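# Structural overview
If you want the building blocks of each chain, they are given just below.
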Amino acid sequence: MSKGTNFSGQPVLSQLIKLMDRHKINILASKSGANRYTKHLDGYSHLVVMLYAVLSNLRSLREVCLGFAANATRMNHLGIDHMICRSMLSDANKRRDSSFFGSIYRSLYSRYAPVLSDSLSKKEVSTKLYVMDSTTISLFSQILRGTGRNSKNGKKKGGIKAHTIIEENIDLPVFVDFTAGIVHDHELMRRLFDLPYGSFIAFDMGYTDYLLLKQLDEAGYRFVCRLKDNAKFKIVEWRKCPEKDIVADQIVEFTYDKYVKRPLSEEELSHRRGRRPKSGVVTVKERVQGTYRCRRIVRRTDDGKDIVEFVTNVLDPEEMSAEQVCETYRRRWTIESLYKKLKQNFPLKYFLGDNVNAIEIQIWVTMIAYLLLRVMQVKSMSKLAFSNIVMLTRVTLGAYIDIITFKNTDN
């Protein structure tokens, strides 16, 4: 490696940090109160320390502090003017609200989304697609309730579930919500209404809720999802299937009967007995019944041994053929690739805290690290796989090399 070609006056970690706007981070900290009651480890310094821990794959607070002590001569490049101790970092992970790091991620997403977006001509598709799914991260202790039954010995791991929505051609989460692993996916479907009007959305059968599908349709959103094997419906109309692998193209009618929560009106509150809660919002369960018509498409699998059923509210075959609907759902696999990249390159097995806030902070910082490395990959125009980009960054984190030039060299 030539020093004249790849040498830089700043370590690799500092070059990654330069992709963020420190002034913007300080503004977000002021708005959210993240620096309240803080003497040394402010919001920006906390972010830098956690980025170092995530990128170095450190497993404990002691390793983080020893790592910073070993790199004390490089701390001026990172904008940190004091040493980090375990108690200071532990208190920050417990007290500083994780939403502050979420706001940093959203700010970076807004800034770099146009840079990371793939061209539609390259994808050879014309439909802008959003994908919703969730992934569960196991925890060693029962901090949050995990999914599944308790084991025979009475011990059970906890779990945190990350509910995400991504824009398919960007391969980065637009929205992220954290819940206990036991929370069902469809309870977070309300976040779909935050997407731009007229968006096309794909999700799997775990989000099947006919009332919410009807509400999405009425709100102007288009969707495609898998149909459960035990779904009950009435066939209203049969259509011709000119495509080779399409078995059926139908208009079907689903029936829903469920209880939903709604806020009481002011008139209802005036007749209600008892004290009104401080929030002023009182909900009541109400039974909702009805029917919903949509389009059912049945397609043979690629090997021809089975069939797959899809449901969409795009009723007109001239607007979108049955094969195009199936191909749109196939693009949903992008979110599975994202989860694979995150879990393989940033294994979230060891957390630097035993509370929910600390766990959420580490997940947010992991996503920030993923975003920064994706930006670095695009800027360097590197042909290396993302896993190799992560490996090179990890082993050269404290080295004084130009990481963009280095990743762009032929290896």
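Heads up: these notes are all about the structure in this document. Quick caveat, the model's predicted, so the values are computed rather than measured.

### Considerations on helix α8 (residues 99–116)
With 18 residues, α8 should cover 26 Å at 1.5 Å per step; its first-to-last C-alpha distance of 24 Å lies within 8% of that length. Maximum bend of α8: about 40°, positioned at Ser 110, with proline Pro 114 one to four residues after it. By the burial criterion, the buried members of α8 are Phe 100, Phe 101, Gly 102, Ser 103, Ile 104, Tyr 105, Leu 108, Tyr 109, Tyr 112, Ala 113 and Leu 116. Its buried side turned inward, α8 meets α3 (22–32), α4 (43–56), β2 (158–167), β3 (172–180) and α14 (356–380).

### Some thoughts on the nonpolar core
In a soluble, globular protein the nonpolar side chains are often hidden away together inside. Ranked by internal contacts, the top residues of the largest apolar core, which has 122 residues, are Phe 203 and Phe 346. Sorting elements by how many residues they give to this core places α14 first, with 14 residues. Those residues in contact with Phe 346 that sit more than four places away from it in its chain are Val 54, Leu 55, Lys 341, Thr 366, Ala 369, Tyr 370, Leu 373, Phe 386, Val 390 and Arg 394.

### Details of the side chain of Asp 209
Take Asp 209: it is sitting in the loop between β4 (200–203) and α10 (210–218). What makes Asp 209 buried here is its relative accessible area of 7%. Residues in contact with Asp 209, not counting those within four places in the same chain, are His 186, Met 189 and Lys 258.

### A closer look at the sheet that holds β2
Pairing is mixed in the open sheet, where 9 strands are placed in the order β3-β2-β1-β4-β5-β9-β8-β7-β6. At either margin of the open sheet sits one strand with a lone partner, and together these are β3 and β6 (234–238). Neighbour-to-neighbour, the strand axes of the sheet open up by a mean angle of 25°, direction not taken into account. Sheet strands in contact with α10 are β4, β5 (222–226), β7 (246–263) and β8 (283–300), and its direction is about 100° off that of β7. Along the sheet, α14 contacts β1 (129–139), β2 and β3; its crossing angle with β3, the most-contacted strand, is approximately 165°.

### Quick notes on the packing of aromatic side chains
This structure, assessed with the given rule, holds 12 aromatic pairs. Ring plane angle 70° and centroid distance 5.1 Å describe the contact between Tyr 370 and Phe 386, whose orientation is recorded as edge-to-face. One end of the pair, Tyr 370, is in helix α14; the other, Phe 386, is in helix α15 (residues 386–395), with 16 residues separating them in the sequence. Each member of the pair, Tyr 370 together with Phe 386, is buried. Chaining the aromatic ring pairs together yields one cluster made of Tyr 105, Tyr 109, Phe 178 and Trp 364.

### Some remarks on the pattern of salt bridges
As a working rule, side chains carrying opposite charge can pair if their charged atoms are close by. For the structure shown, the criterion picks out 21 salt bridges. Between Arg 191 and Asp 177 there is a salt bridge whose closest N-O contact spans 2.5 Å. Residue Arg 191 is located in the loop between β3 and β4, and its partner Asp 177 is located in strand β3; the two are separated by 14 residues in the primary sequence. Here Arg 191 falls in the partly exposed class, since its relative accessible area comes to 23%. The partner of Arg 296 in a salt bridge is Glu 309, with the nearest N and O atoms 2.7 Å apart. In this pair, Arg 296 is assigned in strand β8 and Glu 309 in strand β9 (residues 307–312), connecting sequence segments 13 residues apart. Across this residue pair, the class does not change: Arg 296 and Glu 309 are buried.

Each value, and the rule that gives it
Residues numbered from 1 in each chain as written. Predicted model: local features only at pLDDT ≥ 70, side-chain atom pairs only at ≥ 80, totals over all residues. Heavy atoms only, no water. Helix = DSSP H or I, 4+ residues; strand = E, 2+ residues; numbered from the N terminus. Expected span 1.5 Å × (residues − 1). Bend = angle between axes of the 7 residues up to and from the residue. Buried < 20%, exposed > 50% of the residue type's maximum accessible area, 1.4 Å probe, protein only. Contact = heavy atoms within 4.5 Å. Core = buried A, V, L, I, M, F, W, Y, C linked by side-chain atoms within 4.5 Å. Pairing = 2+ DSSP bridges. Axes fitted to C-alpha atoms, helices over the stretch in contact; angles between N-to-C directions. Phe/Tyr/Trp six-rings, centres within 6.5 Å; stacked < 30°, edge-to-face > 60°. Salt bridge = Lys/Arg side-chain N within 4 Å of Asp/Glu carboxyl O.

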